[in-house]
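Here are the chains, one letter per residue:
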Amino acid sequence: MYPYSFRPTENQPTVLAFAQGDVNGDGIIDNVYLTGRKPNDTGSPYTTDITLVIQDGRTQAFYSVPLETNAGYAPTLFLGDFTGDGVDDIQININSGGSGGFYFVYIYSFLNNQANELFNYETFNDQYLYDVVYQDNYKVVITNQTLKLDYIIDISNKGEEYLSEIYTRDGKLKSPVQGWVSGLNTAYPVDFDGNGVYELFVFQRIAGRYNADGLGIVQSPLFFDGRKFVIKDDWQYVAVLGMKQQ
């Protein structure tokens, strides 16, 4: 049973996720909800009007925080300290439900009952730009333009049928081929330093000629620098997707 009863009707939202923690910094546990509306006639898990709602544990007052992207599937809450001030922040993950496997991710501080957006998935997607370029000899170069970092993937194990469409027998490109790095796929709270302050571990898919042509995953640990989440000391990794042997 939730501490507060949201009774879903045609015009009223229902509780989608719930968590407890001190998010306003007064030392008293607060109640944190995600509410939203589901279509009553279809049975679909798709949810609209997803809203962050905080109940002050001391005054019992409710505060509502609308989300810029407020529709999707299976929204979740996580409470943890991302800023190092000893107060829980609020992470929201919403599954887009699309074929790209994208998530809509937000992190809010609610110190002194004031909502402050710390992370927005769209801002992150715009901040780091990539090139994915096929090269001779079965190589693909992924370039993070923002950080000036290059990664090289060997795709020689992709299979003869795949490679023969792109390369000549001696490993030369038949024509230029480019892929792309997707927007944020998902983000996990991880305490890399073991100091009680969480970082955000973000995954993005590397696609080749089409969306299902997965080449690897860009993995970015993001640290809060006092103003925003950044990749610390150019920490970033590329994980290569394995190929099942025939």
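Residues numbered from 1 in each chain as written. Predicted model: local features only at pLDDT ≥ 70, side-chain atom pairs only at ≥ 80, totals over all residues. Heavy atoms only, no water.

### A closer look at the nonpolar core
Grouped together as the largest cluster of nonpolar side chains are 56 residues, with contacts concentrated most on Leu 52, Ile 90 and Phe 119. The leading source of residues in this core is strand S7 (residues 103–109), at five residues. Apart from residues lying up to four places away in sequence, Phe 119 is in contact with Val 105, Tyr 106, Ile 107, Phe 124, Leu 184, Leu 200, Leu 222 and Phe 229. (Core = buried A, V, L, I, M, F, W, Y, C linked by side-chain atoms within 4.5 Å. Buried < 20%, exposed > 50% of the residue type's maximum accessible area, 1.4 Å probe, protein only. Helix = DSSP H or I, 4+ residues; strand = E, 2+ residues; numbered from the N terminus. Contact = heavy atoms within 4.5 Å.)

### Quick look at unusual backbone geometry
If you check the backbone angles, Asp 49 has positive phi at about 55° while not being a glycine. Looking at the element boundaries, Asp 49 is found in strand S3 (residues 48–55).

### Quick look at the sheet that holds strand S6 (residues 89–95)
The strands that make up a sheet are held in pairs by hydrogen bonds between backbone atoms, and each pair lies either parallel or antiparallel. Pairing in this open sheet of four strands is antiparallel, and the strands run S5-S6-S7-S8 from one edge to the other. In this open sheet, the two strands that pair with only one neighbour each are strand S5 (73–80) and strand S8 (116–120). Sheet twist, expressed as the average angle between the axes of neighbouring strands with direction ignored, equals 20°. Alignment of S7 against S8, held across four bridges, turns out to be antiparallel. Each bridged residue has a counterpart across the sheet, and for Tyr 106 the counterpart in S8 is Asn 120. (Pairing = 2+ DSSP bridges. Axes fitted to C-alpha atoms, helices over the stretch in contact; angles between N-to-C directions.)

### Remarks on the pattern of salt bridges
Under the defined criterion, the tally for this structure stands at six salt bridges. The salt bridge involving Arg 37 is made with Asp 49; its shortest N-O contact spans 3.3 Å. Taken as a pair, Arg 37 in strand S2 (residues 30–37) and Asp 49 in strand S3 lie far apart in primary sequence, 12 residues in all. You can call Arg 37 partly exposed: its relative accessible area is 29%. For Asp 49, a relative accessible area of 32% corresponds to the partly exposed category. With a shortest N-O distance of 3.7 Å, Lys 228 and Asp 225 are connected by a salt bridge. On the basis of relative accessible area, Lys 228 is assigned to the partly exposed category, the value being 31%. (Salt bridge = Lys/Arg side-chain N within 4 Å of Asp/Glu carboxyl O.)

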